[in-house]
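# Topology and contacts: notes
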Amino acid sequence: MLSRTGRLLAAFTHDELGVWNLADGKRLFKETFPPGDMSIQVDIGEDEATLAVSFDNDLDHLVDLRTGRRFGKKAASHGWGPVMDPTGRHLLLTGDSFAERALPGWTPEHRWSCDVCGGFFPRLRWSPDGRYLAAFNGRKIRVWEVADHDIEPLTYQAEGDLSGVGFDGSTLRYLMDDSVISVDLSPRATSIKAGGDAILSPDIRWAAVHAFDSKYVRLWNVRERKDVARFPVEPGMSALSAFDQSARRLLIASDAGPIELVDVGTRKRIWSIRSRHAVDGFPASQASFSPDGRTIALVLGPYGQTLEYWLTVIDAATGRILHDSFTTSDGGPYLPDGKRLATGSGRFMDVATGKPVGEGYDTSYDGGAGVALSSRGLMAIAYDETGRVSLWDPSGPTALRPMMPKAAGTVEALTFSPRGDVLATAGGGLVQLWDPVNRRRLGGSFDARTIEDVDSLTFSADGGTLYFSAGGDILEIPVGPERVAALVCGWAGRRLTEAEWSRYLGDVAYRETCP
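Only a predicted model underlies this, so the values are computations on that prediction, with no experimental measurement involved. (Residues numbered from 1 in each chain as written. Predicted model: local features only at pLDDT ≥ 70, side-chain atom pairs only at ≥ 80, totals over all residues. Heavy atoms only, no water.)

A count of helical and extended segments in the protein gives two helices and 46 strands. Across the 515 residues that make up the protein, the buried fraction comes to 52%. For the protein, the exposed surface amounts to about 23,600 Å²; the carbon and sulfur share of it is 49%. (Helix = DSSP H or I, 4+ residues; strand = E, 2+ residues; numbered from the N terminus. Buried < 20%, exposed > 50% of the residue type's maximum accessible area, 1.4 Å probe, protein only. Areas by Shrake-Rupley, 256 points an atom, 1.4 Å probe, with all protein chains shown as cover.)

If you want it as structure tokens, here you go:
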């Protein structure tokens, strides 16, 4: 291996380890080991004065390259490593699920949870100023701020296996195939602790939060990060919440409890009703406001292991039940005509009767994970077990070709940006962006650091930020065209032509962004 400046070279051949000064060709250090299948790892400190040596993944000793003196004692098994920090005063050691900083005396100073540190040969990098620490393995990258161990500016899954990672100030650069790709750490995703399953309002101002076994659904101000109201629900039961498109009204439905509509501004109930089908074990599974906001389609079920659902259509102004019927579908969003629901079962549902209408829009799989409609008239259907996303023209319905690539993992939720030019999918802890026009991914996958079920996936009004909520956390992920442009510039290594810009960024106005 080379030292950070490229001045020193450490090499191991057969049973001998040597360190050379490449400027004059002189050997600074030599150590001989007994023959065998021993695995040796070394690292040269940033100050080029210290060499750390590990045998079979155990830190063994340090060498002062100025005097050739060995010092230190053998450490407990720490997995791969070691890596010296820029000051030469600390070592980074890794295990199956952690990275820890130590020295002097191998005493751990801090341990980072590191899910990429297991497996074969995870690699570690410090930024030159010691501010950031990176761990990478296969396609995954984790970056931490060293001063504040709880801040994780970047969790990233690249498009392919990584062969190198380095820092340039606040920019992380990684080598993949024949390309060097840059990721700016400054506009990082941020995490907000909501304290329960959070359903976000369309304007991202509010969240309806319900924790397991809680007696309340909390109305939470996302910007100020505080509760502003609490609405009682049946304790020990699940609760479904849904905002209307204006974010002025909130529907709350819990198992065996009332169905209520709340005015978000005044925090007062508009009406409260009960459904004879809302019983313990028969939960509310889907709720959708019609495009004009006049009706609410609420789907209850399934009950136990059956596929029995009940569709309840409610007048949003009065709470009067307009229709109540058995159905075999799990519900979904309203189509623009306000008369049909696009369900995840492969058929449109007539809101007036609860019966399937029209041709099936996908019969190759038994049920989808979710349906999203775009402002451009596209319909996306996601199948959670396969990671497959299909695009349809709902007027037919007609499948659009070519097919979208398969997602990196399962897909539990999906949504279009307000302009319909970007599709986001989430599931299995990964968030991915797609170009629905050209049927291609936009960059790698964002690791959401959770395997909890997705509660919400929503774009900001300008499409520049994606909000993801799961397991009590809300993540703000910058996804604006400037970020996409920077990523594509990294691929190209030059300025984009107008044709390339149009291909990757759609109708965003062309400008010379790449350096």
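Taking strand neighbours across the sheet as the criterion, the three strands line up as E1-E2-E3 in an open arrangement whose pairing is antiparallel. Pairing within the sheet leaves two strands with one partner each, and these edge strands are strand E1 (8–13) and strand E3 (26–32). Ignoring strand direction, the axes of neighbouring strands in this sheet form an average angle of 15°. For E1 and strand E2 (residues 16–21), the ladder comprises six bridges, and the chain directions are antiparallel. Along E2, the bridge assignment pairs Leu 8 with Asn 21. (Pairing = 2+ DSSP bridges. Axes fitted to C-alpha atoms, helices over the stretch in contact; angles between N-to-C directions.)

With that settled, the discussion passes to the nonpolar core. Counting residues in hydrophobic clusters, the biggest one holds 18 residues, and the most contacted among them are Val 431, Leu 433, Leu 457, Phe 459, Leu 466, Phe 468 and Ile 477. Elements represented by at least two residues in this core include exactly strand E40 (423–427), strand E41 (430–435), strand E44 (454–459), strand E45 (465–470) and strand E46 (473–478). Core analysis: the next-biggest nonpolar cluster, separate from the first, contains 16 residues, Leu 240, Leu 261, Ala 284 and Leu 298 among them. (Core = buried A, V, L, I, M, F, W, Y, C linked by side-chain atoms within 4.5 Å.)

Looking now at the environment of Arg 205. By the secondary structure assignment, Arg 205 is in the loop between strand E20 (197–200) and strand E21 (206–210). Judged by relative accessible area, which is 36%, Arg 205 ranks as partly exposed. Sequence spacing of Arg 205 and Asn 221 is 16 residues, and the spatial spacing of their C-alpha atoms is 6.2 Å. Apart from residues no more than four positions distant in its own chain, Arg 205 is found in contact with Trp 220, Asn 221, Val 222 and Arg 223. (Contact = heavy atoms within 4.5 Å.)

A complete count under the given rule lists eight salt bridges for this structure. Linking Asp 292 and Arg 294 is a salt bridge whose minimum nitrogen-to-oxygen distance equals 4.0 Å. Asp 337 is paired through a salt bridge with Arg 340; the nearest N and O atoms lie 2.8 Å apart. Given a relative accessible area of 37%, Asp 337 falls into the partly exposed group. (Salt bridge = Lys/Arg side-chain N within 4 Å of Asp/Glu carboxyl O.)

What follows concerns the environment of Arg 139. For Arg 139, the location among the structural elements is in the loop between strand E13 (132–137) and strand E14 (140–145). Separated by 37 residues in sequence, Arg 139 and Met 176 place their C-alpha atoms 9.2 Å apart.

This part covers the side chain of Asp 435. Along the polypeptide, Asp 435 turns up in strand E41. Buried charge Asp 435 goes without a salt bridge, the closest partner of opposite sign being Arg 440 at 5.8 Å. In terms of polar contacts, Asp 435 uses its side chain to reach the backbone amide nitrogen of Val 437, at 2.9 Å. (Lys, Arg positive; Asp, Glu negative; His and termini not counted. Polar contact = N/O pair within 3.5 Å; in protein donor to acceptor, adjacent residues only side chain to side chain.)

Moving on to unusual backbone geometry. Here the amide bond leading from Gly 396 into Pro 397 is cis, since omega sits at -5°, within 30 degrees of zero. Here Pro 397 is to be found in the loop between strand E37 (388–393) and strand E38 (398–399). If you check the backbone angles, Ile 204 has positive phi at about 60° while not being a glycine. You can see Ile 204 is positioned in the loop between E20 and E21. Residue class for Ile 204 comes out buried when judged on its relative accessible area of 6%. Of note in the backbone geometry, Arg 439 takes a positive phi value of approximately 60° without being a glycine. By the element assignment, Arg 439 lies in the loop between E41 and strand E42 (440–441). Exposure remark for Arg 439: the relative accessible area of 13% places this residue in the buried category.

What follows is about the sheet that holds strand E31 (residues 321–327). Pairing within the open sheet is antiparallel, and its four strands lie in the order E28-E29-E30-E31. Taken across any chain shown, the strands that pair with only one partner, and hence form the sheet edges, are strand E28 (284–289) and E31. Taken pair by pair, the neighbouring strands of this sheet meet at an average axis angle of 15°, ignoring direction. Taken together, the six bridges between strand E29 (residues 295–300) and strand E30 (residues 309–315) define a ladder with antiparallel strand orientation.

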